[in-house]
Amino acid sequence: RDCRRIVDDLLLFCRGEEAPLPTSAVTLSTLSRELAEDLAPLMVDGADLGDTIVDSNRSALRQILVNLGSNARKAGARSLSLKRGQEREEMVSILLEDDGPGIPKDVATRIFETFFTTSRAGEGTGLGLSISHGLARRLGGTLTLLRPSTPTTFELLIPKGRT
């Protein structure tokens, strides 16, 4: 089911469409456990995001965070941590940090561009971060590179759950 949703998202992306994603209550502690499995052995202790409930799309959240983790692994990171950032108004902050070599300034300004890649030919499409950025917007949130130097830090802001 996740693969089907990824293909559907890719087709929307190629057509330039950004329809809102269907959302439901997602418990971040459950998402943390799933991500620890998806990103093993890169994920380190401290991957518990707590029991906060967000109004989001589980598949899209996983895709965004797995894309970030996969890129960190390809860049040479040996460990990755996932933690809660400071909440802002009605938004929950998820921080993903890695111990890789960092992102050069000339690359950092382009990382969310469609088809931009630093991978060798045949090793990357340049779609992962661009799609992740679009998914974050479709969830009503944002994906930002907070710190390009080590620890490289991305922040995903997503709407809090309705209580």
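Every chain is numbered independently, its residues counted from 1 as its sequence is written. Local features are withheld for residues below a pLDDT of 70 in this predicted model, meaning they are given only at 70 or higher, and side-chain atom pairs are given and counted only at 80 or more; totals for whole chains, interfaces and linings count all residues. Processing note: side-chain calculations cover all non-hydrogen atoms of the structure and skip hydrogens and water entirely.

This next bit is on the packing of helix H3 (residues 58-75) against helix H5 (residues 128-138). Between N-to-C directions, angles span 0 to 180 degrees; the directions come from axes that are lines fitted to C-alpha atoms, helices contributing only their stretch in contact. Counting from the N terminus, the helices are the DSSP runs of H or I reaching at least four residues and the strands are the DSSP runs of E reaching at least two. Two elements in contact, H3 and H5, have axes whose closest approach is 9 Å; the angle formed by their N-to-C orientations is 150 degrees. Taken together, the axis directions place H3 and H5 in an arrangement best described as roughly antiparallel. In the packing of H3 onto H5, the handedness of the crossing is left-handed. Residues Ala60, Gln63, Ile64, Asn67, Leu68 and Asn71 of H3 form the contact with H5, whose own contacting residues are Gly128, Leu129, Ile131, Ser132, Leu135 and Ala136. Each angle receives one of four descriptions, namely roughly parallel if under 35 degrees, roughly antiparallel if over 145, roughly perpendicular if within 65 to 115, and oblique otherwise. A clockwise turn of the near helix away from the far one marks a right-handed crossing, whereas an anticlockwise turn of less than a right angle marks a left-handed crossing. Any two residues whose heavy atoms approach within 4.5 Å are treated as being in contact.

Take the nonpolar core next. The nonpolar core is taken to be a set of buried Ala, Val, Leu, Ile, Met, Phe, Trp, Tyr and Cys residues, with the residues joined through side-chain atoms within 4.5 Å. Using a 1.4 Å probe on the protein chains alone, a residue whose accessible area is under 20% of its type maximum counts as buried, one over 50% counts as exposed, and one in between counts as partly exposed. Ranked by internal contacts, the top residues of the largest apolar core, which has 35 residues, are Leu61, Ile64, Leu65, Leu68, Ile94 and Leu156. Elements with a minimum of two residues in this core: helix H2 (28-38), H3, strand S3 (80-84), strand S4 (91-98), helix H4 (105-108), H5, strand S5 (142-147) and strand S6 (152-159). Broken down by element, the residue count for this core peaks at 6 residues, all from H3. Every residue in contact with isoleucine 64, bar those within four places of it in the chain, is listed here: Ser132, Leu135, Ala136, Leu139, Leu143 and Leu156.

The pairing criterion for strands is at least two bridges between them, as found by DSSP. Sheet topology note: the S3/S4 ladder contains 5 bridges and is antiparallel. Across the sheet, serine 81 pairs through a bridge with glutamate 97, a residue of S4. With antiparallel pairing between neighbouring strands as the criterion, S3 and S4 make up a hairpin whose turn holds 6 residues, including glutamate 89 at a positive phi of roughly 50 degrees.

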